[in-house]
Amino acid sequence: MLGELKKLIEANPLFRDKLQFPTLKNSRLRTLINQSLNWQHQLCKNPRPNPDIKTLFVDHSCGQPNGARAPSPVTSSLMGGVPKSGGFPPITSHGPFQPTPAALPSTLSGWMANPSASAHPSASAGPLGLAPNNAAAILKRPRTPPTNNPAIDYQTADSEHVLKRPRPFGLSDEVNLPINIMPLTYTSHNHGQNPYSSDDLPKNPVMALNQGSAVKSMDFHPVQQILLLVGTNMGDVMVWELGSKERIAWKNFKVWDLNARSRALQASLSNDYSASVNRVAWSPDGSLFGVAYSKHIMHIYSYNGSDDIRNHHEMDAHNGNVNDLAFACPNKQLVVVTCGDDKTIRVWDAIVGTRLFNLVGHDAPVYSVCPHHKENIQFIFSTATDGKIKAWLYDNTGSRVDYDAPGHSSTTMAYSADGTRLFSCGTNKEGESHLVEWNETEGAVKRNYTGLAKHSVGVVKFDTTKNRFLAAGDEFMIKFWDMDNKNLLTSIDAEGGLPASPCIRFNKEGTLLAVSTNDNAIKILANSDGMRLLRSVESRTFDASRAASAAVVKAPAIGNFPPANATVGTSIDNQTAPAAPMVGMNSDNRSLVDVKPKIQDESIEKSRIWKLTEINEPSQCRSLRLPDSLTAMRVSRLIFTNSGGAILALASNAVHKLWKWQRNDRNLTGKATASVLPQLWQPSSGILMTNDISDTNPEDAVPCFALSKNDSYVMSASGGKISLFNMMTFKTMTTFMAPPPAATFLAFHPQDNNIIAIGMEDSSIQIYNVRVDEVKTKLKGHQKRITGLAFSHSLNVLVSSGADSQLCVWSTDAWEKQASKFLQIPTGRAVSSLADTRVQFHLDQIHLLAVHETQIAIFEAPKLECLKQWFPRESSPITHATYSCDSQSIYVSFEDGSVGVLTASTLRLRCRINSTAYLPSNPSLRVYPLVIAAHPSEPDQFALGLTDGGIHVFEPLEPEGKWGTSPPVENGAGPSTASGAAGSEQAQR
């Protein structure tokens, strides 16, 4: 607008080349207008709390007290961002009127003029009613300037005194005052005398907690500040007690009442019964917490201390992703505010579970919400993926404010702990990130913090602490700023292992900082106060146990944290399955008095009491052999469908078999389970999905198949042409690529189902486009046939493995070879000349599982650095292995018929299922598993395909719910395991 005005004036010949315009900020004209309107309003004879401004062409004057009070739909850009009601902001908290709950102010400042003492940026306990001490005096001023009192200076519109008014913190720095000067009422908020220094930042790593899947959201308990709530991309929700490093509660994704949910959700889950957590958050008092999922629903749990978590409410919150949630207390009513891909914001009664408001007005998916209050005005900020920021009152009358986020980025907003300063951080589609402080009065950026990467990977997360510091996860680091200085204060890498844009979260006092890592863990950083807090919790646990003379449950971890002035190292413990109490494991009834509080003694004791879980009897686990009326032939390939409700097998005779579980009273989810028999499914036509075998002997062929993401199609080969089958009708859609060479492995491209990587018997890899029936390129780098292919969509690479025991990494952009490495075969070990090597990516899409008959190995892509190897002590070869769906465990099958369960992060065996637990005793028959498959959403369920054609589904018994307990880290390699070879002792990153 200023630019247009300048052009208009300069177009007049009388002024051309005679005027020199000063540099003006974009908000300057709005500031002058607001000041003028405030002054005009002071002169009104009948001032109303919600003035009706219809025009700027004449002086403002409020109507009669009994006149109309309907808000005016002013939309002039002079008044700020898209005002929806009449009214204008008081220039400061000393304005001529105070907002009331009934007021519908038009701009941000109209209902945010006064600082709040809210202790949490996303929740409030109701209006606090703060007002400047001299507010009453201001309201009692004469409405016309007196002529006989020189002591009272009433400003005029052109008086420079207007610029010298005391202002609440957060107003534009155009005023002629230092930015840290505040009204005397709020002297406790004077950041110019803030006692904190950068040494108070929690920068020392003290522990790491393994989550098993990628961390999406975290929140510290508002009262018990050592309790950390975590949500992951696999839908897992966990509560960690940091003093003991124990996961005290855990919930996986499960719809509580599917029949009561929307048809859209039911349809979505029928194809894929899994969901990611987008946000977790505690209520203000910590008695509830909410979970927003990537599929339609929100869960609210009640937390009653310790591990007591109960289902409270399940809501169909939005159609599609529920992107964010936050608790708030408008009018002392506890509510949950949610937003989603359906472009709406919704407000729910957190106690009853009913929907209160549906806020509509965004033109793109709503990315985040930030409820807050100023005095007795309760409001909600929302941000959308198109970079729009809106503000709403708790009603259904539309947004009150409309601004653009810097760079039109996907943005999150947060207040400082005292509620006086507003910040936002976001990243746009081009990777540009912006961390800024907002001028609430003007709706403009007040301070733009420097130091973020020019091209960030992912959306940068941020948090605030101590009313003084900002932190953001960026460039594999944590970066810190002083709120009053735009320049970067310091940055740390937390001893490495962080993703490009880690998730971060401070506890309430800012003494602890949680940050996500690359290997699906969380590092806890602490300052000296945080370390004292954790030590004091351990001491209280120790003293309470001693006083009770109870049996030993957990020895005090004295010595885990160094003195406050010492250098702190990372302690990465295996937290995949917390160890059971000692009493339950070995009936040890020692009193705590007998326990030496030394970490070395505790390590020895753990080593003594830990024992590998051996399952030898059918009664020790739940297993189910699937019914089969067709010819039983060796199972060559096996997979669960992506929905988790069926199992597909390919037998050595080139015939596919499909088992489906039906939804019924015994199986409400319709998912695969060892408790209910499935149906061997065939279409009404009775046809079978049978591969082309041409002139080859199926017994000599290398079968392979790949399932589309929506479970609609399967691509398969058994030595002949590649066939594409419709999974609903079993009809052959097409066949292509006749041998030789024959296809030996198939993999769909993760972003395009029309692109398929085909491993061939001649050691080449063909990148084939099904739609145009064309080979795009051919990759050569192996010496023997291809036995494994795996895409990483985050690294944009394809990893191949062959019978030559070699791994190769290929760029999916240019299809160029980036790296290769041969497996290290143990000396003296006889290996088949065509032994398969399989590959599978971890959920983090960086760590790679390599499976060979001699070993299990973990590599880091794309450089193929070997991080760990595991060699079974027994001579029985490995036949197959796979990650569990959460990548927390690895299931390994052996030629002797046994199955091992390894902890993925340490490659330590924690459970062994012997063949006697699921096979009848018959020495004349040598039956063993050839393939193993993991359920896509149940981490502890897997299936075996056997040499006799049988398929077994396994689950642990209900009371335990897990396959054994992890050996302590200090215990070294567990029984029946040997960790060795280059890089085997390195910590997994």
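- With an unreviewed UniProt entry as reference, the protein is termed TOPLESS zinc finger domain-containing protein, source organism Salix suchowensis.

Examining the overall build of the protein
Okay, so step 1: The number of helices and strands found in the protein is 7 helices and 58 strands.
Okay, so step 2: Of all 989 residues assigned to the protein, the portion counted as buried reaches 57%.
Okay, so step 3: Within the protein, counting contacts between residues at least 6 apart in sequence, those at least 24 apart form 55% of the total.

A word on the confidence of the model for the protein
Okay, so step 1: For the protein, per-residue confidence averages 77 on the pLDDT scale, and residues scoring 70 or more make up 72% of the total.
Okay, so step 2: Throughout residues 65-194 the model reports pLDDT below 50, and contacts reaching past four residues in sequence, or to other chains, amount to 291 contacts.

Things to note about the nonpolar core
As a rule of thumb, soluble globular proteins bury nonpolar side chains together.
Okay, so step 1: In this structure, F253, F289, V291 and Y293 are the most contacted members of the largest nonpolar core, which totals 22 residues.
Okay, so step 2: Elements with a contribution of two residues or more to this core: β3 (227-232), β4 (237-241), α4 (263-271), β6 (277-282), β7 (288-293) and β8 (297-303).
Okay, so step 3: If near-sequence neighbours (up to four positions away) are discounted, F253 is found in contact with M234, G235, L269, Y273, S274, A275, Y293 and I297.
Okay, so step 4: Counting 21 residues, the second-largest nonpolar core is a separate cluster that includes V206, L209, L228 and V230.

With respect to the sheet that holds β3
Okay, so step 1: With respect to topology, 4 strands assemble into an open sheet ordered β2-β3-β4-β5, the strand pairing being antiparallel. Edge positions in the sheet fall to β2 (215-220) and β5 (246-251), since each of these pairs with one other strand and no more. Put simply, the sheet's adjacent strands are angled 20° from each other on average, direction ignored.
Okay, so step 2: Judged from the 5 bridges that link them, β2 and β3 form a sheet pairing that is antiparallel. Bridging from a neighbouring strand, S217 pairs with G231 of β3.

Thoughts on the pattern of salt bridges
Okay, so step 1: Per the counting criterion, the structure on display carries 26 salt bridges.
Okay, so step 2: Here D402 makes a salt bridge to K390, at a shortest N to O gap of 3.0 Å. Here K390 lies in strand β16 (residues 388-393) and D402 lies in strand β17 (residues 401-404), a separation of 12 residues in the sequence. Take D402 and K390: they sit in the same class, and that class is buried.
Okay, so step 3: Two residues, R400 and D395, come together in a salt bridge whose shortest N-O distance is 3.0 Å.
Okay, so step 4: When salt bridges that share partners are traced, they join R421, E437, R447 and D484 into one network.

Considerations on the UniProt feature "repeat: WD" (unreviewed entry) in the protein
Okay, so step 1: According to UniProt, the positions carrying the feature "repeat: WD" (unreviewed entry) are residues 315-349 and 779-820.
Okay, so step 2: Annotated as residues 315-349, this span is 0% helix and 60% strand, and its ends, taken at the C-alpha atoms, are 11 Å apart.

Focus: the environment of K446
Okay, so step 1: Mapped onto the elements, K446 comes out in strand β21 (residues 444-449).
Okay, so step 2: Relative accessible area serves as the criterion here: at 14%, K446 is assigned to the buried category.

Focus on the side chain of S409
Okay, so step 1: Its place among the elements puts S409 in the loop between β17 and β18 (410-415).
Okay, so step 2: Residue class for S409 comes out buried when judged on its relative accessible area of 1%.
Okay, so step 3: Within the local environment of S409, its side chain forms a polar contact with the backbone oxygen of P406, the two atoms lying 3.0 Å apart.
Okay, so step 4: The residues contacting S409, other than those within four sequence positions of it, are A384, G387, G426, T427 and N428.

Some remarks on the state of the cysteines
Okay, so step 1: By the definition in use, this model includes 0 disulfides.
Okay, so step 2: C911 carries a free sulfur, and the closest cysteine sulfur to it, the one in C621, is 8.5 Å from it.
Okay, so step 3: A relative accessible area of 0% places C911 in the buried class.

Topic: the environment of S694
Okay, so step 1: With respect to the helices and strands, the residue S694 is situated in the loop between β34 (679-681) and β35 (704-707).
Okay, so step 2: Among all residues touching S694, those that are not within four sequence positions of it are G720 and K721.

Observations regarding the packing of aromatic side chains
Okay, so step 1: This model, assessed by the stated rule, comprises 17 aromatic pairs.
Okay, so step 2: Ring centres of W282 and Y303 lie 5.4 Å apart, and the angle between their planes is 70°; this geometry places the pair in the edge-to-face category. Here W282, found in strand β6, pairs with Y303, found in strand β8; they are 21 residues apart in sequence, far enough to count as distant. By the burial criterion, W282 is buried, and Y303 matches it.
Okay, so step 3: Grouping aromatic residues by their ring pairs yields a cluster made of W256, W282, F289, Y301 and Y303.

Remarks on the sheet that holds strand β14 (residues 366-374)
Okay, so step 1: Across the sheet, which stays open at both edges, the 4 strands sit in the order β14-β15-β16-β17 with antiparallel pairing between neighbours. What marks the edges here is a single partner per strand, and that holds for β14 and β17. Going from strand to strand, the sheet's axes swing by 20° on average, the running direction of each strand aside.

A few points about unusual backbone geometry
Generally, phi is negative for residues other than glycine and the peptide bonds are trans, each holding for most cases.
Okay, so step 1: P740 follows P739 through a cis peptide bond whose omega is -5°.
Okay, so step 2: Positionally, P740 belongs in the loop between β38 (732-736) and β39 (743-748).
Okay, so step 3: The amide bond that connects P740 to the next residue, P741, takes the cis arrangement and shows omega of -10°.
Okay, so step 4: Relative to the assigned elements, P741 resides in the loop between β38 and β39.
Okay, so step 5: A positive phi angle, near 60°, is found at K245, a position not held by glycine.
Okay, so step 6: Within the element layout of this structure, K245 appears in the loop between β4 and β5.
Okay, so step 7: Residue class for K245 comes out buried when judged on its relative accessible area of 5%.

Some thoughts on the pairing of strand β25 (residues 488-492)
Okay, so step 1: Inspection of the sheet shows strand β24 (residues 477-482) paired to β25 by 4 bridges, in the antiparallel sense. Across the sheet, F480 pairs through a bridge with T490, a residue of β25.

Remarks on the side chain of D940
Okay, so step 1: With respect to the element layout, D940 can be found in the loop between β55 (929-934) and β56 (942-946).
Okay, so step 2: Those residues within four positions of D940 in sequence are excluded, and the remaining contacts are Y891, F954, E955, P956, G961, K962 and W963.

Details of the environment of T631
Okay, so step 1: Residue position: T631 is located in the loop between β30 (622-625) and β31 (635-640).
Okay, so step 2: Residue classification places T631 among the exposed positions, given a relative accessible area of 54%.
Okay, so step 3: Placed 24 residues apart in sequence, T631 and V655 show a C-alpha to C-alpha distance of 9.5 Å.

Side note on the pairing of strand β41 (residues 764-769)
Okay, so step 1: Burial of β41 is extensive: 6 of the 6 residues sit out of reach of the surface.
Okay, so step 2: Side-chain alternation along β41 places S764, Q766 and Y768 on one buried face and I765, I767 and N769 on a second face that is also buried.
Okay, so step 3: Two elements, strand β40 (residues 755-760) and β41, share 5 bridges in a ladder whose sense is antiparallel. Each bridged residue has a counterpart across the sheet, and for I758 the counterpart in β41 is Q766.

Cut-offs applied
Residues numbered from 1 in each chain as written. Predicted model: local features only at pLDDT ≥ 70, side-chain atom pairs only at ≥ 80, totals over all residues. Heavy atoms only, no water. Helix = DSSP H or I, 4+ residues; strand = E, 2+ residues; numbered from the N terminus. Buried < 20%, exposed > 50% of the residue type's maximum accessible area, 1.4 Å probe, protein only. Contact = heavy atoms within 4.5 Å. pLDDT = per-residue confidence, 0-100. Core = buried A, V, L, I, M, F, W, Y, C linked by side-chain atoms within 4.5 Å. Pairing = 2+ DSSP bridges. Axes fitted to C-alpha atoms, helices over the stretch in contact; angles between N-to-C directions. Salt bridge = Lys/Arg side-chain N within 4 Å of Asp/Glu carboxyl O. UniProt positions renumbered as here; feature names shortened; annotations may be inferred. Polar contact = N/O pair within 3.5 Å; in protein donor to acceptor, adjacent residues only side chain to side chain. Disulfide = S-S within 2.5 Å. Phe/Tyr/Trp six-rings, centres within 6.5 Å; stacked < 30°, edge-to-face > 60°.

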